[in-house]
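Examining the three-dimensional arrangement
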Amino acid sequence: MASVIGVDSSTQSTKALLVDADSGTVLESQHSPHPAGTSVDPRSWLDAFDKASAGLLDRAEAIAVGGQQHGMVALDATDSPVHDAILWNDTRSSQEAVDLIEEMGGPAACAEAVGSVLVASFTSTKLRWLRDHEPDAAARTKRVLLPHDYVSRHVVGGGEPFTDRGDASGTGYFSTRVGAWRHDLAEAAIGQTVELPRIVASSDVAATTSSGLKVAAGTGDNMAAALALDLKPGDVVVSIGTSGVASAITNEPVSDPTGSVTGFADATSRFLPLVATINAARILELQSTLLGVDHDELARLALAAPSGANGLTILPFYDGERTPSRPDATGTWAGLTTSTTREDLARAAVEALLCSLADAIDHLSATTGTTPQRILMVGGAASNPAVRVLAPAIFGRPVTVPAPGEYVALGAARQAAWAFAGTPEPPAWASVASETYEAEPTPLVREAYALLRDRETI
């Protein structure tokens, strides 16, 4: 029985799954935490990988790494970091995004060139920030990798770095339409020529370790999750973790000049248009902290309040926001009165999270020109009972919740099994168990949210 390893090097931790290559059954899992913050020493990810994979590597035939998208890993001539890795959720480069878009000829030209309109999340904006604010570090930069590239190279033990088209499509210097690096855009961002990793197809073995372990290309976290869920055109996945994400599979590239939808490539040969929000599960975490309750009690309180939380509406852009692009925004509460209850506060937080994600779904539908045939909801906050019950009411359609699982790591494992098998298509693993929720739509909640959202735009 062949086994493979799938790794999720996320914002918060490294998770490693040992998986049966034929069935997709998880045999064993381990994890190790990452340092907190939006800018961290990337070498900490290597230590976390070593701990999370301890005892698993010699039991597997192949491995692939899924990782948080966009993060800037800038290395010098000795392959040492010149600066902490600036992560996807660090908004310091928001002005640099504006500058780069202007230099590329405006939003429409930017979307045409790289598939997306740049926001502070994209790697190229972080390279420009490095150029302008840390010129000595920028001058020493010889090679730029993404988080999953950096970990994959560590697995191999060095050598030529590699990546895949999916994660590359989130850099701001990769043409999604052509499927190749735009070296000129990387150079323009940092002000000098830098080396970029080799692009490897998901079905190929990128490298082999000295022990014979085959290493696949790896991919970005959203692409890996889509691979784990075997997304098909017509499906929309809503992921509620540190970030909120609505994504779909298309057969043709997507280019949205408004910047609401990023036109990523996926981990196969298709495309993964995606809408991301910075604020997601932490909306609920903050409300739990403010109310002094755990997540189960927060859910109970939320479900005890009426739809619309008795007029309380929250715009949850606590840490700035990516969609809509408001990097300097803060949270807004409207409709507080002396009659507002703890139940209302809990309900308003859950409704705010879901309204933000409903906006994301709408952006995705408008850009792709398709109506979702099925909505799947995954991520840590998808296990919250109030989120499950209220999601179909806010989204206005049934919501399917797959069983809890490490879908990024599982998708990476499926990619590893694919590369190991050398087949034209990824292995056909059994579908995960799921539960579907239905509810009467509550359009008035979204209308109140939209009024507050648009009021705060002005």
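Anything mentioned here points back to the structure above.
Residues numbered from 1 in each chain as written. Predicted model: local features only at pLDDT ≥ 70, side-chain atom pairs only at ≥ 80, totals over all residues. Heavy atoms only, no water.

Our next topic: helix H6 (residues 147-156). Most of H6 is tucked away: eight of the ten residues are buried. Among the residues of H6, those classed as buried are Pro147, His148, Asp149, Tyr150, Val151, Ser152, Arg153 and Val155. (Buried < 20%, exposed > 50% of the residue type's maximum accessible area, 1.4 Å probe, protein only. Helix = DSSP H or I, 4+ residues; strand = E, 2+ residues; numbered from the N terminus.)

Orientation of helix H10 (residues 281-291) relative to helix H12 (residues 342-368), taken along the N-to-C sense of each, is 170°, at an axis distance of 9 Å. Compared by their axis directions, H10 and H12 come out roughly antiparallel. Where H10 approaches H12, its residues Ile283, Leu284, Gln287 and Leu291 are matched on the opposing element by Arg342, Leu345, Ala346, Ala349, Val350 and Leu353. (Axes fitted to C-alpha atoms, helices over the stretch in contact; angles between N-to-C directions. Parallel < 35°, antiparallel > 145°, perpendicular 65-115°, else oblique. Contact = heavy atoms within 4.5 Å.)

Looking now at the pairing of strand S18 (residues 262-265). Of the two faces of S18, the one carrying Thr262 and Phe264 and the one carrying Gly263 and Ala265 are both buried. Bridging between S18 and strand S19 (residues 271-277) involves four bridges; their strand directions are antiparallel. What sits directly across from Gly263, in S19, is Pro273. (Pairing = 2+ DSSP bridges.)

On to the pairing of strand S13 (residues 205-208), then. Bridge count for S13 against strand S14 (residues 214-216) is three bridges, and the pairing is antiparallel. Paired with Ala207 across the two strands is Val215, which belongs to S14. In sequence, S13 turns back onto S14 through a hairpin of five residues, with Gly212 there showing a positive phi of about 95°.

Under the defined criterion, the tally for this structure stands at 24 salt bridges. In this structure, Arg347 and Glu351 form a salt bridge, with 2.9 Å as the shortest nitrogen-oxygen distance. Here Arg347 and its partner Glu351 are both found in helix H12, four residues apart, which amounts to about one turn of the helix. Relative accessible area serves as the criterion here: at 5%, Glu351 is assigned to the buried category. (Salt bridge = Lys/Arg side-chain N within 4 Å of Asp/Glu carboxyl O.)

Turning our eyes to something else, we now look at helix H8 (residues 183-190). Within the sequence span of H8, burial applies to Leu185, Ala186, Ala189 and Ile190. Along the long axis of H8, the arc covered by the buried residues comes to 120°, so they all point the same way. Buried residues in H8 make contact with helix H2 (94-103), helix H3 (107-114), helix H4 (123-133) and helix H5 (135-140). Two residues or fewer after H8 comes Gly191, characterised by a positive phi angle close to 90°. (Arc of directions from axis to C-beta.)

In terms of nonpolar packing, the biggest core is built from 67 residues, with Val4, Leu130 and Tyr173 touching the most fellow members. Among the elements that take part in this core, helix H14 (residues 407-421) stands out by supplying nine residues, more than any other. If we ignore the near neighbours within four places in the chain, the residues touching Leu130 are Met72, Ala74, Val82, His83, Pro135, Ala137, Ala138, Thr141 and Ile190. Leu284, Val293, Val350 and Val401 belong to the second-largest nonpolar core, a separate cluster that totals 55 residues. (Core = buried A, V, L, I, M, F, W, Y, C linked by side-chain atoms within 4.5 Å.)

Function cannot be read off these values alone, since they describe shape.
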